Each structure stands twice: as structure tokens, then as C-alpha cells.
Amino acid sequence: MITPSTRKYALVEFLTWLPVGLMIAPMVLLMSVRGLDIAQIGLVTAAYSITVVVLELPTGGLADVIGRRTVLAASAVFSVAGFTMTALAGTFWAFLAASLLKGVARALSSGPAQAWYVDGLHALEGPDADLKPGLAAGGAAGSVALAIGTLTGGVLPLLVSGESLAVPVWAGGGAALVLLFTVLLVMREPAKPVRPRFADVMRDVPVTIGGGFRLAVLDRGLGRLLLVAVTVGVLLNSIELLTPGRLAALTGRPETAGTIYAVVAAAGFAANAVGSSIAPAVARLARGSMRAVMLATVVTAASVGALAASVALDGVAGMAAAGAAYVVLFTGLAVSSLFRTELIHQRVASTQRATVMSVDSLQLQLGGMVSSLVLVPISAQVGTGGSWAVSAVITLSAALLYVRLPAARPAVAVPVRQPQ
């Protein structure tokens, strides 16, 4: 049964990811038609990633100190500003500033909504509450938003004249504004007995971050679960960066490849939504979350291997094989991600929940950076299929991190000083 809190969480997740989806299709083209070359576009994109990495932990600690609702509302404000500046930008420096704003927004949005939902469920049903249905609903909602946003962002420029590529960006800003009002209306948190002073908040954030890191080190099981995120980052980055080139090689036209990639990406997001939705049933069939997460990881690795093998095919057969592998890959990844998240929450107390989720997101970003620096460049020597084969092996190795995972201890926070 879907509870009111679950519906609220799913709505917040949908609105959090809808602006991102709307931006996927037109972003590179918009910068290109406004005069940026490929090197400048790369710098703008890198600035976004670096901002997220640098701010990931501080913003997670901030959410644990001042509250999830406040931080997510601030994220929406930065999103509105970032999308507005992107829509109006006409120079490299304007796009760079917009990218920094969107990076701040992404870092602020990493973890607060999920931490808010889990805390609320624990308050209602106790620490043994079943997190799977709610996490599944939130994951499915976010994936549906990305699928709808990607397709809409690709179609809107075809429906208007003039500066058509900016239309999806304006729509993304509008969606972020809706997110802001939604967060303020539906995300209720217990009132703090004493409002913390700014100086206290600034002192408590690094203490909370340190506590989250110590928790990951002291709990070996949690450390292994967080390490899995690195392998997921490697996988996702290699898929996202190498698939467009593969499709261009199959179609012979970059423009056609871009359209096909938008469809394939949307199919992947839809498959992610399906995977999130069926995860609770998979757990029942597999007789537990641990068996389910290992099975889903193996399925994901096998689908990446199939994607690597598909490079032997040409034309329609190659595109069909790649699309089928994409769907299975993202379905399996959604299932495994949900169970891994559940296992993480079982080991973390409320006071450090958002911080630990930020550590998890940081690990994902680091995996993507490793892939960008090592795996993607070697594709020039070993080919796209070779790089994907390496990704498949790395993904399969992640299943070993679940073997004999130490039992979860009661979630106890590493002591931190509270605001006075």
C-alpha cells in the first residue's frame, strides 16, 4: 500500500529529476549554436562535475545539521538561477557560471529527500520498517521524470521557432520553481527546540562529515557497500560517453545518432523505473535483499557484456542489440541500487543519514572520473567493445563485495556536537 508520505517522496523525486531530464537533449547543442567550441563545452561540463564533487560532503553535512527541507529548497533556488542563466547565456563565461550554479544545486539535492523519507518512516514504524516499497516508488518516479524530460527536451525545439533550443531549458527552470514550492509545502520536519546560530552550523558541518567518514571506516560492511558505488560510476560513465559514438558509427550521421541516443536513453530511464518498481517482488522471489542484490548485479554485468558483444553487429541489428542490452542493464542496475541503498540505511542513524548518502554520491562521481581518465581513453586502442568488456568485469567484481557482508549493527551515530 502506498502511504501519503511515500506519495510525497515520489513527487519530490519526480520534480527533482524532471529539470535534469529536460536539459539532457538540448544542452550541448545550445552551447554550440551560441558560439562555444568543443573544448569550451568540455570545460563547462567539467566545472559542473568538479563543483558537485567539492560540495557533495559539505552539503550532506549541512542537511544533517539544519534539516533536509531547507537544503532541498535551497537546491531548487540554485536550479532556477542556473537554468535561467543557461537560457540567457551567450558567452563561455556565462555558461560556466550557470554550470557552477547547477553544480551547487545538484550537490544540495543529493540525499536530503531520501533521508527525510527514511527518517519519517522510521519515526512511524520503527527502525525495522520495510524501506523497499518507498525507495522503489521514489526511484521509479525519478526515472520516469528523466525519461519524460529527455523526450520532451528533444521534441520541444521542433515545435517552436526562433531560439528553440532554449525552450527546454526554460521549461527546466519552471519545473525547478515547482519543486521549490512543493518542497516547502509537503516536506514537514520536526521543529528544532532551538534554532541553531550560523556559527554553530558552520562548526557542526565538518564535525558531522567527519562522523560520517568514521562510521564508514568503523563499519566494514558499510565501507564495502559504499565501494560498490565506485564500480557503478565507472559503468555509467563508460556507457554514457561511448554510446553516442557507437550509434554514430552505426548510422553514419551524428544528427541521426543524437535522435536515436535520446530514444535509447529514455528507454534506459524507463527500464530503470521498471526495475525500481519490481525490486520488492524480486526480493521475495530471491528470498532476501542480499541474494536479490547479488543476482541483479550479475544480470547487470552480463548485459554490459552483451553490449560489448553487440559491436560485432552492424546497422539495424547493432542498434537493436544495443537497445536491448541497455534496457536489461538499467533494469538490473535499478534493482541492485535499491537493495544496496536499503542495506546502507539499515546501518546509518538519522543524524548522519544525508552525510553518508553524500559519501555514496561522491564515490559514484569518483568512479565516473576514473572511467573518464582511464577507461574511456583506452577505447582508442581496444575499441568501444573492449572498454565495455572491462566495465562488465568491474561490475561483476562488485558482486563479490556482498559475499559474507558483515551483519548490520543497530544504527548508532558517531557522536557529534549538537548546536547550542
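Residues numbered from 1 in each chain as written. Predicted model: local features only at pLDDT ≥ 70, side-chain atom pairs only at ≥ 80, totals over all residues. Heavy atoms only, no water.

An unreviewed UniProt entry annotates the chain as Major facilitator superfamily (MFS) profile domain-containing protein of Planotetraspora kaengkrachanensis. Recorded under Subcellular location (unreviewed entry), the UniProt text for the chain is reproduced unchanged: "Cell membrane". (UniProt positions renumbered as here; feature names shortened; annotations may be inferred.)

1. Thoughts on the packing of aromatic side chains
The final tally for this structure, using the stated rule, is 3 aromatic pairs. With 5.2 Å between their ring centres and 45° between their planes, Tyr326 and Phe330 make a pair best called tilted. With a gap of 4 residues between them, Tyr326 and Phe330 both fall in helix α13 (residues 315-345), about one helical turn apart. Taking the relative accessible area as the measure of exposure, Tyr326 reaches 3% and is therefore buried. For Phe330, a relative accessible area of 9% translates into the label buried. (Phe/Tyr/Trp six-rings, centres within 6.5 Å; stacked < 30°, edge-to-face > 60°. Helix = DSSP H or I, 4+ residues; strand = E, 2+ residues; numbered from the N terminus. Buried < 20%, exposed > 50% of the residue type's maximum accessible area, 1.4 Å probe, protein only.)

2. Things to note about the confidence of the model for the chain
On average, residues of the chain score 82 in pLDDT, and 86% of them reach the 70 mark or higher. Confidence drops under a pLDDT of 50 for residues 412-420, and excluding neighbours within four residues, the segment shows 23 contacts in the predicted structure. (pLDDT = per-residue confidence, 0-100. Contact = heavy atoms within 4.5 Å.)

3. Examining the environment of Leu29
Tracing the backbone shows Leu29 in helix α2 (residues 27-33). In this structure the C-alpha to C-alpha distance between Leu29 and Ala166, which are 137 residues apart in sequence, comes to 9.8 Å.

4. Topic: empty space enclosed by the protein
Going through the model one piece at a time under the given rule, you end up with 2 cavities of 30 Å³ or more. The space that makes up the largest cavity amounts to roughly 180 Å³. Along its surface, the largest cavity is lined by 15 residues, and Thr16, Val20, Ser79, Ala105 and Arg106 are the ones closest to its centre. Those elements that place two or more of their residues in the lining of the largest cavity are α1 (4-24), α4 (68-88), α5 (92-109) and α8 (167-186). Of all the elements, α1 adds the most residues to the lining of the largest cavity, at 5 residues. Taken together, the residues of the lining of the largest cavity break down into 9 nonpolar, 4 polar and 2 charged. Of the voids in this model, the second largest cavity is the one considered here, and its volume is about 100 Å³. Lining the second largest cavity are Val228, Thr231, Val232, Thr297, Thr300, Leu333, Ser336, Ser337, Arg340, Thr395, Ala398 and Tyr402. Where the lining of the second largest cavity is concerned, the elements lending two or more residues are α10 (220-251), α12 (289-309), α13 and α15 (379-398). In terms of residue count, the dominant contributor to the lining of the second largest cavity is α13 (4 residues). Grouping the amino acids of the lining of the second largest cavity by side-chain chemistry returns 5 nonpolar, 6 polar and 1 charged. (1 Å grid on protein atoms, 1.4 Å probe; cavity = no way out; pocket = protein on both sides within 12 Å on 5 of 7 lines; lining within 4 Å. Points joined across faces, edges and corners; volume = space filled by probe spheres on them. Nonpolar A, V, L, I, M, F, W, Y, C, P; charged D, E, K, R; others polar.)

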